[in-house]
Amino acid sequence: MLQIWALAGIGEVTADDDLAQLIGDALAAADVPVADGDILVVTSKIVSKAEGRFVVADDREDAITRETVRVVATRTAPSGHTTRIVENRLGIVSAAAGVDASNTPEGTVLLLPEDPDASARALAAALRDRFGVRLGVLISDTLGRAWRDGQTDHAIGAGGVHVFEDLRGEVDAQGRPLVVTLPCVADELCAAADLVKRKATGMPVAVVRGRGDLVGDLDLPGARSIVRTGERDMFRLGADEAYAEGYAAGRAAR
């Protein structure tokens with residue numbers, strides 16, 4: 001049985017806070033003791049805050065530009081607001097390169113963690129040492145999805161957790177072989193955890209229990225392995241951008 005609950009008692013996180021200690025203290029004070037096989041889903045914002053990922057930026061757009069590796073698509077709404085879908089330095093394709101201006105000091109914005117996988121592994125290692133149990137850590141961030149409105153939480157960091165559940169080679173209920181079935185369980189768990197963390201409850205960590213089979217060694221591939229880049233990226237440009245690029249190439253070849 002899968003159980004997920006939000007962890008209370010962490011409070012506001014500031015730069016240079018010991019995040020492992022804050023989360024550990026909250027786990028120690030919780031009504032339900034942490035157990036072997038638990039997975040913690042930690043909102044990326046508190047990781048960024050603890051790591052001091054604030055930058056001075058009167059204009060959020062400048063910060064987005066600095067974090068952008070590649071522009072995928074740009075759209076300007078009738079209101080005049082421009083949305084940029086870009087690939088950031090972590091390889092993640094998202095709106096605004098993950099730059100966050102909410103709940104940050106005036107005149108600053110918050111960047112994503114420098115290395116979310118390393119941050120997740122460090123948290124998992126510290127909490128394993130403290131509690132003597134084998135647990136995993138996922139770091140989540142909110143992202144949109146191509147072809148679908150709205151957003152869900154996805155894994156951008158993983159420590160001690162299998163991010164995929166590889167079902168290839170098994171058979172379905174009718175005995176037919178599964179050829180391409182590779183659920184991204186890290187993303188599924190982050191989305192499920194967001195249902196209990198929500199966005200304005202002040203509880204940025206959730207505990208997932210019931211999938212201890214996904215918890216493993218700290219050297220497992222992290223969430224960076226989820227990102228599809230390079231030749232495997234089938235949607236490197238938005239439709240308008242691809243048309244414009246092809247049109248320009250055609251004119252140049254005339």
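In this text the structure is predicted, and so the values were computed from the model without any measurement. (Residues numbered from 1 in each chain as written. Predicted model: local features only at pLDDT ≥ 70, side-chain atom pairs only at ≥ 80, totals over all residues. Heavy atoms only, no water.)

K.L.:
Could you give an account of the sheet that holds strand 4 (residues 68-76), naming the residues involved and the relevant values?
P.N.:
In space, the three strands of this open sheet follow the order 4-5-6, with antiparallel pairing throughout. Each edge of the sheet is formed by a strand with only one pairing partner; in this case those strands are strand 4 and strand 6 (93-95). Pairs of neighbouring strands in the sheet enclose a mean axial angle of 25°, with direction left out of account. Sheet analysis places strand 4 next to strand 5 (residues 82-88), joined by seven bridges and oriented antiparallel. In the strand pairing of strand 5, Thr68 is matched with Asn88. (Pairing = 2+ DSSP bridges. Helix = DSSP H or I, 4+ residues; strand = E, 2+ residues; numbered from the N terminus. Axes fitted to C-alpha atoms, helices over the stretch in contact; angles between N-to-C directions.)

K.L.:
Explain the side chain of Ser94 residue by residue, including any values.
P.N.:
Assignment of secondary structure puts Ser94 in strand 6. For Ser94, a relative accessible area of 8% puts it in the buried group. (Buried < 20%, exposed > 50% of the residue type's maximum accessible area, 1.4 Å probe, protein only.)

K.L.:
Tell me what's going on with the side chain of Arg84, and back it up with residues and numbers.
P.N.:
Mapped onto the fold, Arg84 is located in strand 5. Residue Arg84 is classed as buried on the basis of its relative accessible area, which comes to 18%. A distance of 3.0 Å separates a polar atom in the side chain of Arg84 from a polar atom in the side chain of Thr65. In this structure, Arg84 is in contact with Glu61, Ile64, Thr65, Ala73, Thr74, Ser94, Ala95 and Ala96, ignoring residues within four places of it in sequence. (Polar contact = N/O pair within 3.5 Å; in protein donor to acceptor, adjacent residues only side chain to side chain. Contact = heavy atoms within 4.5 Å.)

K.L.:
Which residues make up the sheet that holds strand 10 (residues 205-209), and what values go with them?
P.N.:
Taken together, five strands build an open sheet; the order of strands is 1-10-2-8-9 and the sheet is mixed. Lying at the two open borders of the sheet, with one neighbouring strand each, are strand 1 (3-6) and strand 9 (148-159). Between one strand axis and the next, the sheet turns through 30° on average, direction left out of account. In this structure, strand 2 (residues 39-43) lies alongside strand 10, joined through four bridges in antiparallel fashion.

K.L.:
An account of the pattern of salt bridges is needed here, citing residue identities and associated values.
P.N.:
All told, the structure shown has 14 salt bridges when counted by the stated rule. With a shortest N-O distance of 2.8 Å, Glu61 and Arg84 are connected by a salt bridge. Within this pair, whereas Glu61 is found in helix 3 (residues 60-67), its partner Arg84 is found in strand 5, the two being separated by 23 residues in sequence. Overall, Glu61 belongs to the partly exposed group, its relative accessible area being 28%. The residue Glu165 makes a salt bridge to Arg211 at a minimum N-O spacing of 3.1 Å. Of this pair, Glu165 sits in the loop between strand 9 and helix 5 (185-197) while Arg211 sits in the loop between strand 10 and helix 6 (239-253), and the two are 46 residues apart along the sequence. Given the relative accessible area of 25%, Glu165 is considered partly exposed. Residues participating in the shared-partner salt-bridge network are Arg75, Asp240 and Glu241. (Salt bridge = Lys/Arg side-chain N within 4 Å of Asp/Glu carboxyl O.)

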